[in-house]
Each structure stands twice: as C-alpha cells, then as structure tokens.
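Next come the chains, spelled out residue by residue.
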Amino acid sequence: MKFEALEKVGAMSLLSPWGQNMHLPAGIFHWSGRAKAEAEINGTIGTAKGKAQQVFGAGGNKNVTMALPSMKKYIPNLDPEQIFPYAPDKGLPAFSSAWRNWILRKAGEDARALDPLLGQCQVTPGITGGLHNTLKLFVGPGDPVVVPDKRWENYDNIIEINIGARPVEFPFFTGDRFNIDGMCDAIRSVWKQQDRAILVLNFPNNPTGYSPPRVEADAIKKSLLELTASGDKWLVVIFDDAYEGYVYDSDAANRSLFYEMLPQKGLVTIKLDGISKEMLWYGGRIGTITMAYPADWVNAVGRDALDKEWGNKFAGISRSTYSNCSMLAQSVAAAALQDLDQILEERKVCTGILAERYRIFKEELKKIDTSRLQCNPFQGGFFNFFDIVPKDGPAAEDLADHLLKKYKTGTIPVHFGSLNGIRVAFCSVEAEDIPKLCENLNNAAKDLMP
C-alpha cells in the first residue's frame, strides 16, 4: 500500500515508525469485497453459510449465516443489565467461568489432570485480539516467534507490524505430513540466541485445513514434551484453536493438543479460542486466552494468585486499548453454555453440513490437474489450500483475479515468503456448487498455465 496523499501533504512525517508501517494488506477483506460484487460462487470469507431450513429447521432455502439456535433464543430473555452496561475489562465472570467449564468438557478424560492447572479465561475481542495480547506480553521488538510457513496472513501483521517482532518460520509440510523435525529445529535455533522460545500452532490449520492424524498428533505432543523435559530453556506454546472440532476425517485428531500437553517446568501452554467459530457468532467478537500453569507454579503460590496477577496483566492491555468486550455477546454465550449437551447437539448440525461439502470436495479434487494446482492435505476446518505448482507460474493474485473476472469465482490469494497459492473457503460454498467451483479452478489454471 502506497500512501501517496499522506506523503504529499507531509502527514507521514508526523507518524511514529509504527504508524508509518501500519497498513491493511490487500488480503481477505479486499478479495471478499470484490467477490461480493463480482462472483457467483464465493469462496473467500471464512463464514459458514447454509440453507435456513438446514440450520434452523425453518426458513426454506434462503442462504443464511450458520448460527446455533441456542445463541439466538436467549437474547429476548436477557435482563437489560445483561445487555447495556460495560463489561468488566477482564471479561464477564459468568462467561469466563462458563467457558472454562466448556474447555474442561472438551478435554474429556484429560479434564481431571488439567483442571488444577487451568487458569481463568481472559476475554478478548476475538482470537485476533487474543493472539495480539498474548504475543505482546511475551515478545518485544526484534524477538523471534516460531510459526509455520503456511499460516493465517494476519499473524504477520500482528507479529511484525504491531509488535515489531519477527517470524521464524519452518516448512509446514514434509511430504503430506506436519513437519515435526522442522518445528523442533526452529525452536532450537531460537534457544541458541535466548532462553525462551514462543511457538504458535493452529489445527485445523488456516489456510490449509490440515488436522494431523491421531498418531501424528501424539508425535507432536511427545516431541515438544521431550524437547522441554530438561527445563533448562522455556517454551511457550500458543494453541490457536479457532477451528477446533471442525474435523471431518475419522482418523484425524478432532480436539486440541492443549488438553493432553500438560505444562511442566520449561513449558507453558496457552489456548486461544472463542465464540466466533465454536458457537458460530462471528460478529460477537468474543475470544478467550486460557493459560495452563506448570504444576510447580501452582504448588508455589496457588492458582488463585496466578489468576489474579495474569488477569491484571491482560486487564491492563484491554483497558489501555479496546477497554472491554461486548456485554451482550458474553451474556448470551454464558446463558447458552449452561446446557453443554444442547450446544454439542447443535454443533453437530453445522459440522454435518460442512462434512458433506468436505466429502464432495475430496471427490472433485480427483478431476483437477495436479501439475498446475496441488491441493494440500486437509481433514477439517473451513478451508483448503492450492499451491501453484510451476515455479514460473502466475502470481496467486493474478490467478484469483482471473477466477473472478472470467469464472465469477472468489478465492483468497496467499502470496508471501515462499508461498504462492489460493485458499478456498468451502464453508461458504453450497454443496451443489462445489463441482462447478472445482471445474472453474481447473479451467482458470489451464488458461494461465497452458
């Protein structure tokens, strides 16, 4: 982005270095905006859509944003004091408590071991806010953050521009599997410079939709526990669990590694999640940061003391930036979470709709010429990702532009570092449109790569 007008009037010289560098990349919102105006098939924005009849049991074939009926029904019943006041800067206590119970419910048989170590949930404006606030506490200008090369583009905006830190990346895949050795090597490279490393993991992954098979998930967990077993160095693992539970392959791990990877001396684990995807309320903008404390921390000072002081840190960030989060969204979610069985049943409806699209996409992929577009392995999430195979092939932006102009099909180009490909959000494409979507992808690739 060039700021020619600001340069011309001299306004750029008034800004701090941070202010001069801040910009909104021509990423998801740019391409989704174009797709709304130009596309007939829109696979850009990560918002799950479906027929009203499928989602709510009424409303016919109207295309609507998927939501859980329980989230909708409580709004008319709320007291005004649950809607209109400011929410506490650390989050509404009823919501924080309900979300902690939700995490423990998902932990299943691991809940007993996790519960004594699990901190209070800190409320943030979505997982974006959670990632920013967490990283801001642990890294400063110039500090390294270990991330895979295939990652959500906003990571870089947060890490580099907002914080001034630097991504230390490793290749996400080795063959068709997650690159465990590459991840561990990247951590060791950071440890050569300093005593702590920060790692961000995201499964199912955005943009690829990859969720590791169960055996591989166990290997990831084992490798990180062994890596930190000596306790000589520190590793903070941040689990971006935005798409937790959206797994459609029975052989893949369908829950976060956070539950099983209990912290120990040398290892701190932090879970980021929220209502945007898990409860399908995107506009609610409620995310949470939940830390699991090493047992020796808890034994030394108690969990309540840790909650109080970490809570103070996060509250300081919220108060000095966005102040607090939506009272309405927290009140509705807290009420809905009183019946976890109902929430789980309603989620099955939405995951079932997405699973059908996943299965159709898997079949249609067989018709795409892999010498031009190679779909990365995916087992869940809202997306899949296609590498542009020829090294001299078109830039991802050119392919996305061609898809829009000629085939009225919206996708998100991903083109930074060594990545050059397109992300397709099958979560927002009706099942009957997926064959045509794949046909358009194939034809567009042939047009630009004859």
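Here, every reference points to the structure presented above.
Quick look at the structure, then. Computed from a predicted structure; not experimentally measured. (Residues numbered from 1 in each chain as written. Predicted model: local features only at pLDDT ≥ 70, side-chain atom pairs only at ≥ 80, totals over all residues. Heavy atoms only, no water.)

**Let's talk about the overall build of the protein**
At step 1: When helices and strands are counted, the protein shows 18 helices and 17 strands.
At step 2: Over its C-alpha atoms the protein spans a radius of gyration of 22 Å, differing by no more than 12% from the 22 Å that the globule rule assigns to 450 residues.
At step 3: With respect to the principal axes defined by its C-alpha atoms, the protein has extents near 65 × 55 × 55 Å.
At step 4: By the burial criterion, 57% of the 450 residues in the protein qualify as buried.
At step 5: Looking at the protein alone, contacts between residues at least 24 apart form 73% of all its contacts between residues at least 6 apart.
At step 6: Of the accessible surface of the protein, which amounts to about 19300 Å², a share of 52% is contributed by carbon and sulfur atoms.
At step 7: With 50 positive and 54 negative side-chain charges, the protein shows a separation of 2 Å between the mean positions of the two kinds. (Helix = DSSP H or I, 4+ residues; strand = E, 2+ residues; numbered from the N terminus. Rg over C-alpha atoms; globule rule 2.2 N^0.38 Å. Buried < 20%, exposed > 50% of the residue type's maximum accessible area, 1.4 Å probe, protein only. Contact = heavy atoms within 4.5 Å. Areas by Shrake-Rupley, 256 points an atom, 1.4 Å probe, with all protein chains shown as cover. Lys, Arg positive; Asp, Glu negative; His and termini not counted. Charge placed at Lys NZ, Arg CZ, Asp CG, Glu CD.)

**So, the packing of aromatic side chains**
At step 1: Tallying each qualifying case throughout the model produces 26 aromatic pairs.
At step 2: Taking the centre distance of 5.6 Å and the plane angle of 35° together, the rings of Phe95 and Trp99 count as tilted. One end of the pair, Phe95, and the other, Trp99, are both in helix H6 (residues 93-107), four residues apart, so they sit about a helical turn from each other.
At step 3: On the accessibility criterion, Phe95 (0% relative accessible area) is buried. (Phe/Tyr/Trp six-rings, centres within 6.5 Å; stacked < 30°, edge-to-face > 60°.)

**Description of the pairing of strand E11 (residues 267-274)**
Side chains on a regular strand alternate between the two faces of the sheet.
At step 1: When you tally the buried positions in E11, you get eight out of eight residues, the bulk of the element.
At step 2: Neither face of E11 is open: one carries Leu267, Thr269, Lys271 and Asp273, the other Val268, Ile270, Leu272 and Gly274, and all of them are buried.
At step 3: Here E11 runs beside strand E12 (residues 287-292); their pairing, made up of six bridges, is antiparallel. Counted as the bridge partner of Leu272 is Ile289 from E12. (Pairing = 2+ DSSP bridges.)

**Points about unusual backbone geometry**
At step 1: Omega for the peptide link from Phe203 to Pro204 comes to -15°, which places this bond in the cis form.
At step 2: Non-glycine residue Leu280 carries a positive phi angle of around 55°.
At step 3: Summarising the element assignment, Leu280 is placed in the loop between helix H12 (275-278) and E12.
At step 4: The phi dihedral of Arg285 falls on the positive side, at around 50°, and the residue is not glycine.
At step 5: Of note, Arg285 is situated in the loop between H12 and E12.

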